[in-house]
Amino acid sequence: MSITFYEHSKTFRLDTRDSSYLMAISKYGDLLHLYYGDRIPDEDLSYLIELRDRGFSPNPHEAGNDRTFSLDFLPQEFSTSDSGDYRVESIGVRNADGSRIFAGKAAGHTIYSGKYKVPGMPSVRALEGEGTDTLEIRLKDAASGVSVVLYYGVFEEKNVITRAVRVVNEGEGPIRLEKLMSVTLDFKEANYDWITLDGRHMMERHPSRSAIRNGVQSVGSTRGSSSHQHNPFVILCEKTADEDRGRCYGCSFVYSGNFLAEAERDQYRQLRLNMGIHPTNFEFRLEPGEDFFSPEAVLAYSGNGLTGLSHIYHRLYRENLGTSPYRKLPRPVVINSWEAAYFDFDEEKLLNIARESLDMGVELFVLDDGWFGKRDDDCSGLGDWKVNRHKLKGGLSGLSEQIHEMGLKFGLWVEPEMVSEDSDLFREHPDWHLGIKGRPATRGRYQLVLDLSRKDVCDYIIDSLNRILDEARIEYIKWDLNRNITDVWSGQTDKERQGEVMHRYMLGLYRIMDEVILTHPDVLFCGCSGGGGRFDPAMLYYQPQIWCSDNTDAINRLKIQYGTSFVYPISSLEAHVSICPNHQTGRTVSLATRGIVASGGILGYELNSTVLDREEKELCRKQVEAYKENYALIADGDYYRLTSPFENHYVTAWQHVSANRTQALVSLVLTDTEGNDGQLYLKLKGLKKEAFYRINGDEERRYSGAVLMNAGLPIPGTLKQYEGIQFKLQQIMEGTL
Ligand code: DGJ
């Protein structure tokens, strides 16, 4: 059992293989945080709680005349508002009497094997025989009757602790929840940097690192999705931490809607990290007896730098998120019609693209946007999930059959959460979208957002999608979302409960996904929101891969894929080779380099194969062959960021290493070059230092793992700007140096 409670010291101890997490109940019943970090011996850590009389730090009533006890500076597990802690709070609750206080005192706990459940929302799963334990701690505010249950899931072998919170109204009158963080993590010092993944449409998840400063700093989303702008993931790390060294803490949020990550350095140089649903336009009313569950947050600690932290998340999200059999299966190499044809296609054109891609070795043809309703551009048709017979004479089943006859599988694009005003659905149900009564709704990409807080709307989407999946042989669905949410108001919700609509939308979306995706385990679902606008663990629970970005420029992709890799596994990151000049940036990069970059994720193609010549198709075929040969290494191996495209302007390099470290694939792209430059070397990682390797099958030479990692591999000086190269390493013999 990884969880222990010591009655004499009222201490909880949570142990993973390499980390420990300790908390204690104070003499007045407050749940205090003692320690999170490297695994430590079983010691009484209560001496770490330092009590001191501090001016302007209020003392709880139960402390009597003891001025040394104040929640203003004590590290806590769940910070209460309006009771002397002025830092960012874990909960904001308007009680039945109008007060806004939660003075929660420990009121019992339970420890059990297995993982708690988060109803209605995706969460990380415990695998059979993996040794996952749960701790539930109940905090109760006797005066208001509000109870809070804190959940801790300990994944011992995976070095992960998950957190969730449940609020129960055990009082006599209704309460209003105004803020609820899924996790609060207090640190006694704030000498950390924080790293967030920021960006915009087409340039997602660029890591930014800054020192924690005094006061509150935050990132979040109020866009109704986890967003292109900030990802629901943050790292706190020592200032000296780098890829290989230093203490690093990760916090990842299993939710696809609005989120807030806030870090506060307080007056005593202490640090608090909070992560949860964004409080903006969030308010949940709980009648007596009702409860509210927060989404889950996933904490990980690495004492060995950022790579170690990424490896923890990669493994967890590869193995413990969702149930799709594709988590463990090689993903098909797709060719997608979007950049090949956009809206301008008919059956013949699609079949030609599919036919011409056969020589490239692709395995699945994806028909993107434009196949349904009246959809010749993005102004109309969304919501009418019936095939457009002008474009596809034989319907979806006819097209799918012909694609299958060629030996390819068939995939389809959908955007189920949206409606166009020019659609039969809108004409029939003009009240089904989110929109404030009496105000014209704000458009995004000419479209409106369906009100997924309504059951009837969700039922329509479930029926439409299940009908499509029954209608034709479909092995892959790309689930898109092409705008952010505005006008968060539902005609079916009382005015006092409008603050619930955004979260209820997410619950509706998860119900739809439960009833469509989980009931079709053989279909591979790929997430998408204008590329990577909803790249989060909750989406990965349903969809094991996500279209990483609408930007297919190989050089821009180096940065996007680099940032994404800090938390998300390579197997989740769909990447396509597209045509040049690139449609987003106008840049031209060789087909070989485009293949290397796209093979740094789940490889696919998105181009008009009918314009490729024989040599180009042959090159694609070789890329696919090499990629498939290395698939296990790429998708399941340990991933190392060898250089940062943000710091090293010359070379972006990465490496996949097999679990037993006998094989590795090194990929690099020269992003800039100078005349008469010096020799560049690439120091490899993750190899066995005592082993020898062959590179690219060259029988003439052997390379020592220790030398490759310490002195490096020379980068050929013949490489030109934007050229790339790959080295495949294979161990040949064990030995000592
Ligand atoms: C945005 C996606 O990211 C693109 O790949 C494409 O599917 C378009 N939507 C279609 O409208």
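Residues numbered from 1 in each chain as written. Predicted model: local features only at pLDDT ≥ 70, side-chain atom pairs only at ≥ 80, totals over all residues. Heavy atoms only, no water.

Participant: Help me understand the packing of helix H10 (residues 591-598) against helix H11 (residues 614-629) in this model?
Facilitator: The relative placement of two packed helices comes down to the angle between their axes together with the axis-to-axis distance. Put simply, H10 and H11 touch, their axes get as near as 10 Å, and they point 25° apart. Classed by the angle they form, the pair H10 and H11 counts as roughly parallel. Considering only the axes of H10 and H11, their crossing is right-handed. Residue-level contacts link Leu 591, Ala 592 and Gly 595 of H10 to Glu 616, Leu 619, Cys 620 and Gln 623 of H11. (Axes fitted to C-alpha atoms, helices over the stretch in contact; angles between N-to-C directions. Helix = DSSP H or I, 4+ residues; strand = E, 2+ residues; numbered from the N terminus. Parallel < 35°, antiparallel > 145°, perpendicular 65-115°, else oblique. Left-handed = near helix turned anticlockwise from the far one by under 90°. Contact = heavy atoms within 4.5 Å.)

Participant: When you look at the domain arrangement of the chain in this model, what are you seeing that I'm missing?
Facilitator: It is common to report an interface's size as the accessible area lost on association of the parts. Taken domain by domain, the chain comprises domain 1 (3-319), domain 2 (332-636) and domain 3 (641-733). For domain 1 and domain 2, the distance between their C-alpha centroids amounts to 35 Å. Taken together, the contact between domain 1 and domain 2 spans 46 residues of the former and 46 residues of the latter. Three residues, Pro 122, Arg 205 and Arg 318, lead the burial of domain 1 against domain 2; their summed loss comes to 15% of the area buried on that side. Counting the contacts that link domain 1 with domain 2 gives one salt bridge. Between Glu 287 and Arg 497 there is a salt bridge, with the nearest N and O atoms lying 3.8 Å from each other. Here domain 1 and domain 2 share 29 residue pairs in polar contact (both at pLDDT 80 or more) between them. When contributions to the side of domain 1 that touches domain 2 are tallied by element, the ones reaching two or more residues are strand E12 (203-211), strand E14 (230-238), strand E15 (248-254), strand E18 (284-286), strand E19 (291-293) and helix H1 (305-319). Sort the elements by how many residues they give to the side of domain 1 that touches domain 2 and H1 lands first, with six residues. (Domains from an automatic or database assignment. Buried area = accessible area lost by both parts, 1.4 Å probe. Salt bridge = Lys/Arg side-chain N within 4 Å of Asp/Glu carboxyl O. Polar contact = N/O pair within 3.5 Å; in protein donor to acceptor, adjacent residues only side chain to side chain.)

Participant: Would you mind going over the site of the ligand with me for this structure?
Facilitator: Taken together, the neighbourhood of the ligand is formed by 13 residues, with Asp 368, Asp 369, Lys 478, Asp 480 and Asp 550 sitting nearest. Asp 368 is positioned with one of its side-chain polar atoms (N or O) 2.6 Å from an oxygen atom of the ligand. Between the ligand and the protein, one listed contact pairs a nitrogen atom with a side-chain N or O atom of Asn 482 at 3.3 Å. Contact with the protein chains covers 97% of the free accessible surface of the ligand, which is 290 Å². The residue inventory of the shell around the ligand, partitioned by class, reads four nonpolar, three polar and six charged. (Near = heavy atom within 4 Å. Areas by Shrake-Rupley, 256 points an atom, 1.4 Å probe, with all protein chains shown as cover. Nonpolar A, V, L, I, M, F, W, Y, C, P; charged D, E, K, R; others polar.)

Participant: Honestly, H1 in this entry has me stumped. Any pointers?
Facilitator: A turn of α-helix holds 3.6 residues, and therefore any two residues three or four places apart point the same way. The first and last C-alpha atoms of H1 sit 22 Å apart over 15 residues, in line with the 21 Å expected at 1.5 Å per residue. For H1, a buried count of twelve out of 15 residues is recorded, marking the element as mostly surrounded by other parts of the structure. Taken as a whole, H1 has its buried residues at Gly 305, Leu 306, Thr 307, Leu 309, Ser 310, His 311, Ile 312, Tyr 313, His 314, Leu 316, Tyr 317 and Arg 318. (Expected span 1.5 Å × (residues − 1). Buried < 20%, exposed > 50% of the residue type's maximum accessible area, 1.4 Å probe, protein only.)

Participant: What is the right way to read the pattern of salt bridges from this model?
Facilitator: Side chains that differ in sign of charge can pair as their charged atoms come close. This model, assessed by the stated rule, comprises 66 salt bridges. Measuring nitrogen to oxygen at the nearest pair gives 2.9 Å for the salt bridge that ties Arg 138 to Glu 170. Residue Arg 138 is found in strand E7 (residues 132-141), and its partner Glu 170 is found in the loop between strand E9 (160-169) and strand E10 (175-187); the two are separated by 32 residues along the sequence. The exposure class of Arg 138 is partly exposed, given its relative accessible area of 28%. The partly exposed category is assigned to Glu 170, whose relative accessible area is 35%. The salt bridge involving Asp 459 is made with Lys 455; its shortest N-O contact spans 2.8 Å. Highlighted residues: Asp 459 and Lys 455, both in helix H6 (residues 455-471), separated by four residues, approximately one helical turn.

Participant: Explanation requested: the pairing of strand E22 (residues 364-367) in the structure shown.
Facilitator: Two faces belong to every sheet, and in a regular strand the side chains alternate between them. Every second residue of E22 is oriented toward a common face, with Leu 364 and Val 366 on one face and Phe 365 and Leu 367 on the other, all of them buried. With three bridges connecting them, strand E21 (residues 334-336) and E22 associate as parallel partners. Across the sheet, the residue bridging to Ile 335 is Phe 365, located in E22. Alignment of E22 against strand E23 (residues 409-414), held across four bridges, turns out to be parallel. Paired with Val 366 across the bridge in E23 is Gly 411. With respect to chirality, the unit in which E22 leads through helix H4 (residues 395-405) into the neighbouring parallel E23 is right-handed. (Pairing = 2+ DSSP bridges. Right-handed = clockwise from strand over helix to strand, strands pointing away.)

Participant: Whenever I open this one, the sheet that holds strand E2 (residues 11-15) confuses me. Can you help?
Facilitator: What holds strands together in a sheet is hydrogen bonding between their backbones, with the strands either parallel or antiparallel. With respect to topology, four strands assemble into an open sheet ordered E1-E2-E3-E4, the strand pairing being antiparallel. Each edge of the sheet is formed by a strand with only one pairing partner; in this case those strands are strand E1 (3-6) and strand E4 (31-38). Across the sheet, the axes of successive neighbouring strands diverge by a mean angle of 15°, strand direction being ignored. Where E2 meets strand E3 (residues 19-25), five bridges bridge the pair, whose relative direction is antiparallel.

Participant: In this structure, what is going on with the nonpolar core? I would like to understand it.
Facilitator: For soluble globular proteins, the rule of thumb is that nonpolar side chains tend to be buried together. Counting 189 residues, the largest nonpolar core has Leu 14, Tyr 152, Phe 365, Leu 367, Trp 371 and Tyr 605 as the members making the most contacts within it. With nine residues, helix H7 (residues 501-516) is the single largest residue contributor to this core. The contacts of Leu 367, once residues within four sequence positions are left out, are Ser 337, Phe 345, Leu 350, Leu 392, Leu 399, Phe 410, Gly 411, Leu 412 and Trp 413. Val 657, Ala 664, Leu 708 and Ile 715 belong to the second largest nonpolar core, which has 22 residues in total. (Core = buried A, V, L, I, M, F, W, Y, C linked by side-chain atoms within 4.5 Å.)

Participant: Got a minute to help me understand the sheet that holds strand E28 (residues 545-547) in this structure?
Facilitator: Strand order in the closed barrel formed by eight strands is E21-E22-E23-E26-E27-E28-E29-E30, with parallel pairing between adjacent strands. Averaged over neighbouring strand pairs, the angle between their axes works out to 30° when direction is ignored. Relative to E22, helix H3 (residues 347-357) is tilted by about 155°, and along the sheet it contacts E21 and E22. Packing of H11 onto the sheet brings it into contact with strand E29 (573-578) and strand E30 (602-606), and relative to E30 it is tilted by some 160°.

Participant: What am I meant to see in H6 here?
Facilitator: Across its 17 residues, H6 extends 24 Å between first and last C-alpha, which sits within 8% of the 24 Å expected from 1.5 Å per residue. Three or more residues of H6 are buried, namely Val 457, Cys 458, Ile 461, Ile 462, Ser 464, Leu 465, Asn 466, Ile 468 and Leu 469. Where H6 is buried, its residues meet H4, E23, strand E26 (476-479), H7 and strand E27 (524-527).

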